[in-house]
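The primary structure of each chain is shown beneath.
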Amino acid sequence: MVGGDGAGVLGVGERALVGRDGDLRLVRERLGLGSGGGALLLSGEAGVGKSAVLDAVAGCALADGVRVLRASGVEFEADCGYSGLNQILFAHLGALEHLDAALRDALRVVLGFDSGPPPEQLLVSNAMLRLIQTVAGGQPLLLVVDDLHWVDQASTSVLGFAARRVAGLGVSFVAAARSGELGARESGAFPTYELPPLDEESAARLLTDRFPGLARGARRRLLAEAGGNPLALLELPTVVQPSVDSPAVPSLSCRLETLFGSRISRVPAPSRQLLLLAALEGNGDLGVLQAAARHADGGYGLEDLAAVERERLVHIEEGGQRLRFRHPLICSAVVSPALSSERRAAHAALAHALADQPERRAWHLGEATLEPDEEVAAELEHAAGLTLRRGDAAGAMRTLVRSAALSPEGPNRGRRLAEAAYLGAESTGALTSARKLLDDARQAVPAGEDSLHSATASALLVLNGDGDVGASHRLLTAAIESAAGAHGYRADDKALVDALHVLAVVCFFGARPDLWRCYDRAVERLTPEPPAILTVLGRTFADPARTGAAAHGRLDALMASLGEEADPVLVTRVGTGALYLDRLGEVRDAAWQVVRAGREGGPARRYLSSLIHLCLEDYLTGRWDEALALAAEGLRACEDHGYRAFAWYFLYIDAIVLGARGDTEESLTTAGQIIDWAESHDAPCAAHYAHHAAAVAALGSGDFALAYGHAAAVSPAGTLASHVPHALWVAAHLVEAAARSGRREEAAAHVLAMRGAGLGAVSSRHAMLLEASAALCADDDEEALRRFALALGTPGAERWRFDHARVRLGYGERLRRARATAEARAQLGAALAVFEELDARPWAERARNELRATGRSGPRPEAVDGGHGLSAQKLEVARLAASGLTNKQIAERLFLSHRTVGAHLYQIYEKLGITSRTMLRDALAGAVKPPR
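Calculation rules
- In this convention, every chain numbers its residues from 1, walking through the sequence in written order.
- Local features in a predicted model are, by the rule used here, given only for residues with pLDDT of at least 70; side-chain atom pairs are given and counted only at 80 or more, and totals for whole chains, interfaces and linings are based on all residues.
- The basis for the side-chain values is all heavy atoms of the structure; hydrogens and waters are excluded.
- Exposure classes here rest on a 1.4 Å probe applied to the protein chains alone. A residue is buried below 20% of its type maximum, exposed above 50%, and partly exposed in between.
- Runs of E in the DSSP output that reach at least two residues are strands. Runs of H or I that reach at least four are helices, and both are numbered from the N terminus.
- Here the rule is simple: two strands pair whenever DSSP picks up at least two bridges between them.
- Convention adopted: a line fitted to C-alpha atoms gives each axis, helices being fitted over their contacting stretch, and angles between N-to-C directions are expressed from 0 to 180 degrees.
- Working rule for contacts: check all heavy atoms of both residues, and any pair within 4.5 Å makes them a contact.
- Oblique is the label for any angle not under 35 degrees, not over 145, and not in the 65 to 115 range, which are roughly parallel, roughly antiparallel and roughly perpendicular in turn.
- Helix crossings get a hand from a simple test, with the near helix turned counterclockwise from the far one by less than a right angle marking a left-handed crossing and a clockwise turn marking a right-handed one.
- By the convention adopted, Pro, Cys, Tyr, Trp, Phe, Met, Ile, Leu, Val and Ala count as nonpolar, Lys, Arg, Asp and Glu as charged, and the other residues, Gly among them, as polar.
- Among buried residues, the Ala, Val, Leu, Ile, Met, Phe, Trp, Tyr and Cys ones that are joined through side-chain atoms within 4.5 Å form a nonpolar core.
- Only rings of Phe, Tyr and Trp enter the pairing, Trp through its six-membered ring, and a pair is recorded when the two centres are within 6.5 Å. The plane angle decides the type: under 30 degrees is stacked, over 60 is edge-to-face, the rest tilted.
- Note on criteria: charge over ring means Lys NZ or Arg CZ within 6 Å of the ring centre, with the direction from the centre no more than 35 degrees off the ring normal.
- Salt-bridge detection follows one rule: a side-chain nitrogen of Lys or Arg within 4 Å of a carboxyl oxygen of Asp or Glu.
- Every helix has an expected span of 1.5 Å times one less than the residues it contains.
- Definition of a polar contact: a pair of N or O atoms within 3.5 Å, with one able to donate and the other able to accept a hydrogen when the atoms are protein atoms, and with sequence-neighbouring residues admitted only if both atoms are side-chain atoms.

J.: Explain the pairing of strand β1 (residues 37–44) residue by residue, including any values.
T.: Across the 8 residues that make up β1, a large majority, 8, are buried. The alternating pattern of β1 places Gly37, Ala39, Leu41 and Ser43 on one face and Gly38, Leu40, Leu42 and Gly44 on the opposite face, and all of these are buried. Of the strand pairs in this sheet, β1 and strand β5 (residues 192–194) are connected by 3 bridges, and their pairing is parallel. Considered in β5, the bridge of leucine 42 is made with tyrosine 193.

Structure below.
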C-alpha cells in the first residue's frame, strides 16, 4: 500500500492500497470511466493518500486501455500563468493542427509558442477542451492533476471550465488538493470527495504489514498519533520509536517534514544541491536541471540523483526525462533549510538554463536578485508584457509588482507600479491592491509626474470610491495633456488610448458638454489617425441625439471586425458604441462569451460591462426575467470586486422592470437610491437613468404629472439636452406624460425637437416612437391614426416589444375614441397579449380596460352591471374612480373630458344608490362581478 500522497512513498504497483477499496470504487463511479466521463476533486489533509489514490485510479485506467494525461501543481511556479496548462498539453502540441484556427491560435499564444492579441479565457478553455477530445480520438481519456492548489490561477480557471463540461464527452477528470487550500471559485468548479483517513482496522493492518517487529506500546502510540494518516504510518516508524512516556509531539505535517529533512541530510552535498535545483525548477525537467547544474559549476550533475533515489525522495518517470518528488512535503523539506544564498544561486543557475523561456527566466532572475537591478527589472517588465498578451492580467500584475520592487528609485519604478495598479483597476478587479500600488507609485516619482497609467488607475479608483466625476476628469485630462505634450498624440500609444477610453466613461457619467471637450480635442489630434472606436464613442456615446446617426457606417466596420472569437476589450468597447444606436443585439453573442469568461474568472470590468449591455438589450427587447437575473449577478460582481460606480446600472434595470410590472413603490425607492448616489458623486448620467425608470413606473400607475416631472428632469420639454445621451430614451415618455397631463404645448414642442434632431435615423425604435409621439399630440383623429399606422409600420419595430405594444395600446385607444371599434379591438388585443407575456401588469390592465370600454371583453351589460344598468364605459369610469384616480386623471386615461367623467359619476352614484366616492368601492364589490 501507499495510503500517502503521491506516487508518493512507494509508487504505483509496488503494493496494493490498504483500506481504500470503497474510496477507489466511489472515485471510479464518479469519474464515469468508459461510460461518458465525469469530474471529481479529491480533497484531504497532507499525507491522507490523495496522490496514492490518483496513482491507483490512473493505473487501473491504463490497464483498461484508457489514455491518461497527468500534471501536478508546482509551488514555485504558481505565479507563472498557464504553466499548468503547458504541463498537460506540451506532449500533445501536434494535435493542435486538428483544431480550428481560432482555437489553435489561442492555445499557441497562451502556451507561449506564438505572439498575438491575448485570447479571452473562454476561448482558451474551449480550445483546451477540444484539444483533449482530439487527443482522446473518440476513446476514453483520463486527465489527472495532482496538487491543484499549486497550479497557477489561469490554468486552474481553464481546468474548472473543463471539469464542468467533460460529462458526456468520454473524458474523465480527477484532481487532488489539500483541504481548504482552494478558493471558493476554484473548488466550486468540481464535485468534491473528502478522502477520509484510514479506519482503525486498516491503519493497524498497514502498520503491521510494514513494521511487523514494532513494539506493542510504540505501535499503539503511533496509531493514536497518526490518526489514520497513511503517510505518517509509513514514515514515522523509520525515524522514531516513541515510548509511552514520550512528551507531546509537534503537528503531524511538521513531524513528517522533519522526517524527510533527516533523510535529505543523509545524502551527499552535491545531491542536496541538485535536489534544491529540482525543487525550485518545479517541472522536473532533467535537461534544464543538467544545464543549470553545469552553469552552477558546483561539481555535481545528474549522476548525483542516485543517492536521493536510494533514499526514496524522488523517482524518475518512465522515459527518463522527468524527475518527480515522492511527496510535496519532501520539496518543502528541501527548500526550507537552504540558506538564502544557496537559493539565490540555484535561481541564478536556473535562469541561465532557461534562456529560451523568457517568462520563467525572468522569474528566476527576480528570485536570484536582492538589490535593485534595472536589467533584471526590465526583463521582468518584458515578461509581464508577455504574460498579459497571453491573457493572464493577474499574472502580469504580479510580475510588474516584482519588477517595480527590483527597480532603482526613480520614474521606472513608479511607472511599473502605476501600470500594475492600472491592471488591477481596469482588468483584474483587484481594486484594493490597486489602491496600495498606486500610493506606492506616487511615492516613487516626484509630485506632478504621474504617468498615464497612474492617472487612469486613479480615475477608476476615485470613481469607485468616495470621489466624484469631476475629480476623475481632472486627473485624466491633466495626465493626458502632460503625456501628449511630452510624447505627442500618438495613436499607437496604448497608455494614451486606454486613458481616453476611461475618459469617455468619466465624461459619460458627467453628462456635460464641457467634460467632453478634452476628449474631442485629444482624439482629433491623434496621429496618423484616431482608432475608429474612439471616433465612434465621441459620436454615439457623447451626444447621440445629434451625432449618433452619422456613426452607423463606422460602427458597421467595427462590428465586422469582431469575428467569432473577439477580444473582450474590443467587444465591450464596440458594445458601448452600439448602445444608443440600439445595436446591442449585434454584439449579444460576443457579450455572452465575455460574461461566460467572467464567470470563469475572466477580467472583472469587461464582465461587468457585458452584463450591463445584455441587461439593457434584454429590457428593450422584452427579455425581462433574464434582465433581472443578470442584474442580480451584476450587483454581486460589483460587490465582490469593489466596482461600486457600476452598481447603479443594475439597480436601474431592477427599477425600470419593476416599474413596468407595477411594483411602483419599490421601483421609485430604487430610483431614489440611484439619484442619491449620483448627486453625491456628481454623476448626473446615473440620475438620468433613475429618472427614466421612475417615469416608466409613474406612467404605468397613471400618475402622468409625476412621470412628466421625472422625464423633464433628464431633458426639459422642447429640447434634447446636449451631451445627455439618455434624453433619447425618455423623449417619448416625456411626450406621453405631457399629453396626458394637460401639457399639450410642451408635448408638441418636444416632438418638434425630436424631429429636428433626426431621431428617426438613429434606430427603428426611435423612428417608431417619434411617429407615435406625433400621434399623441395630434388634435385631428385622422392625423393621429395616420401617425400611429406609420409608427407600427416602421421596419423592425416589432423587435422593441414593450415599446411596440405601448404604441399599439395608444393606437387602440385613439381608434376607440374615433369609434373604429373593430380596429381598436385588434390593436388592444395584440398589445394585451404582449403585456401579459411580459407581466407588465399596469399596462395589461389598461389594455383590458380599453377592451372592456369597446364592449368586447366581459359578459353582456345586463349581466355585468348586476342589474344597475351601467354601460361598459360607465363601469370603467366607476372602477377607475374607486381606485383613487381624480376626474382629470380618469379623463386623460379614457380620452374623455373631465365634465363627461363628472356626468358619468353622477349617474353611477344614482344607479348604485350611493352618495360619495368613498362608498364606490364597496358598492362595486357588491353589485359588479370582478373581471376575469
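Back to the text.
J.: Would you mind going over the sheet that holds strand β3 (residues 141–146) in detail, with residue names and values included?
T.: Taken in spatial order, the 5 strands make up an open sheet running β2-β3-β4-β1-β5, and their pairing is parallel. Because the sheet does not close on itself, it has two edges, and the strands there are β2 (67–72) and β5. Pairs of neighbouring strands in the sheet enclose a mean axial angle of 20°, with direction left out of account. Against the sheet, helix α5 (residues 121–136) engages β2, β3 and β4 (171–178), with an angle of about 130° to β3.

J.: An account of the packing of helix α26 (residues 532–540) against helix α28 (residues 552–562) is requested, with residue identities and associated values reported.
T.: Taken N-terminus to C-terminus, the directions of α26 and α28 make an angle of 135°; their axes are 10 Å apart at the nearest point. Our classification of the angle between α26 and α28 gives oblique. Handedness of the crossing formed by α26 with α28: left-handed. Side by side, α26 and α28 meet where Ala532, Ile533, Thr535, Val536 and Arg539 of the first sit next to Arg554, Leu555 and Leu558 of the second. Across the contact of α26 with α28, the residue classes break down as 5 nonpolar, 1 polar and 2 charged.

J.: Talk me through the nonpolar core; I want residue IDs and the actual numbers.
T.: Ranked by size, the top nonpolar core spans 174 residues in total, and within it Leu500, Phe509, Tyr689, Phe802 and Phe835 carry the most contacts. Top element by residues in this core is helix α24 (residues 494–510). It accounts for 13 residues. Not counting the four nearest positions on each side in its chain, phenylalanine 802 is found in contact with Tyr619, Trp624, Ala660, Val696, Phe835, Leu838, Ala840 and Trp843. Among the nonpolar cores identified, the runner-up in size contains 52 residues, and Ala203, Leu256, Leu305 and Ala353 belong to it.

J.: So what's going on with the packing of aromatic side chains? Which residues, and what values?
T.: By the definition in use, this model includes 20 aromatic pairs. Taken together, a centroid distance of 5.9 Å and an interplanar angle of 85° make the contact between tyrosine 649 and tyrosine 689 edge-to-face. With tyrosine 649 in helix α33 (residues 647–660) and tyrosine 689 in helix α35 (residues 684–701), the pair connects residues that are 40 residues apart, well separated along the chain. We note that tyrosine 649, like tyrosine 689, is buried. Put simply, the rings of Phe508, Phe509, Phe541, Tyr580, Tyr643, Phe646, Trp648, Tyr649, Tyr652, Tyr689 and Trp729 touch in pairs and so form one group of aromatic residues. Over the aromatic face of phenylalanine 161 sits the side chain of arginine 165, whose NZ or CZ is 3.7 Å from the ring centroid. When the ring centre of tryptophan 800 is taken as origin, the NZ or CZ atom of arginine 799, which lies over that ring, is 5.2 Å away.

J.: Please give an account of the side chain of serine 610 that cites residues and values.
T.: In this fold, serine 610 is placed in helix α31 (residues 604–621). Apart from the residues within four sequence positions on either side, serine 610 is in contact with Val571, Thr572, Ala591, Val594 and Val595.

J.: I'd like a description of the pattern of salt bridges, backed by residues and values.
T.: Inspection of the entire model under this criterion finds 47 salt bridges. In this structure, arginine 848 and glutamate 845 form a salt bridge, with 3.2 Å as the shortest nitrogen-oxygen distance. Of the two residues, arginine 848 and glutamate 845 both sit in helix α43 (residues 841–853), 3 residues apart, roughly one turn of that helix. Residue arginine 848 is classed as partly exposed on the basis of its relative accessible area of 23%. Given the relative accessible area of 29%, glutamate 845 is considered partly exposed. Among the charged side chains, a salt-bridge network with shared partners connects Asp582, Glu736, Arg740, Arg765, Asp803, Arg806, Glu813 and Arg846.

J.: Just give me the short version of helix α16 (residues 340–353), but keep the residues and values in it.
T.: Compared with an ideal rise of 1.5 Å per residue, which puts 14 residues at 20 Å, α16 spans 20 Å between its outermost C-alpha atoms and is within 8% of the ideal. Of all the residues in α16, the buried ones are Ala346, His347, Ala349, Leu350, Ala351 and Ala353.

J.: Go over the packing of α28 against helix α29 (residues 568–578), please, and point to the residues and values.
T.: The geometry of a pair of packed helices is captured by two quantities: the angle between their axes and the separation between those axes. Close contact between α28 and α29 brings their axes to 10 Å; oriented N to C, the two are set at 155°. Taken together, the axes of α28 and α29 lie roughly antiparallel to each other. Crossing handedness for the pair α28 and α29: left-handed. Along the contact surface, α28 presents Leu555, Leu558, Met559, Ser561 and Leu562, while α29 presents Leu570, Val571, Val574, Gly577 and Ala578. Of the residues that constitute the contact of α28 with α29, the class distribution is 8 nonpolar, 2 polar and no charged.

J.: Outline the environment of alanine 671, listing residues and values.
T.: By the secondary structure assignment, alanine 671 is in helix α34 (residues 664–680). Linking alanine 671 and alanine 690, residues 19 residues apart in sequence, is a C-alpha distance of 4.6 Å. With residues near it in sequence (within four places) discarded, alanine 671 still touches Ala655, Ala690 and Ala694.

J.: So, the pairing of β3: which residues are in play, and what are the values?
T.: Counting buried positions along β3 gives 6 out of 6 residues, so the element sits mostly inside the fold. By the alternation rule, side chains of β3 split into Leu141, Leu143 and Val145 and Leu142, Val144 and Asp146, which are all buried. Pairing between β2 and β3: 6 bridges, direction parallel. Along β3, the bridge assignment pairs arginine 70 with valine 144. Sheet topology note: the β3/β4 ladder contains 5 bridges and is parallel.

J.: Which residues make up the side chain of histidine 692, and what values go with them?
T.: Along the chain, histidine 692 turns up in helix α35. A polar contact of 3.2 Å, which involves the side chain of histidine 692, links it to the side chain of histidine 726. Reaching out from histidine 692, the side chain makes a polar contact with the side chain of histidine 733 at a distance of 3.2 Å. Sequence-distant contacts of histidine 692, that is, excluding residues within four places in its chain, are made with Tyr652, Ile656, His726, Trp729, Val730 and His733.

J.: For the environment of glycine 538, give the residues involved together with the corresponding values.
T.: When you line up the elements, glycine 538 lands in helix α26. Considering only alpha carbons, one finds glycine 538 and glycine 577, 39 residues apart in sequence, at a separation of 8.7 Å. Not counting chain neighbours up to four residues away, the residues in contact with glycine 538 comprise Tyr519 and Thr547.

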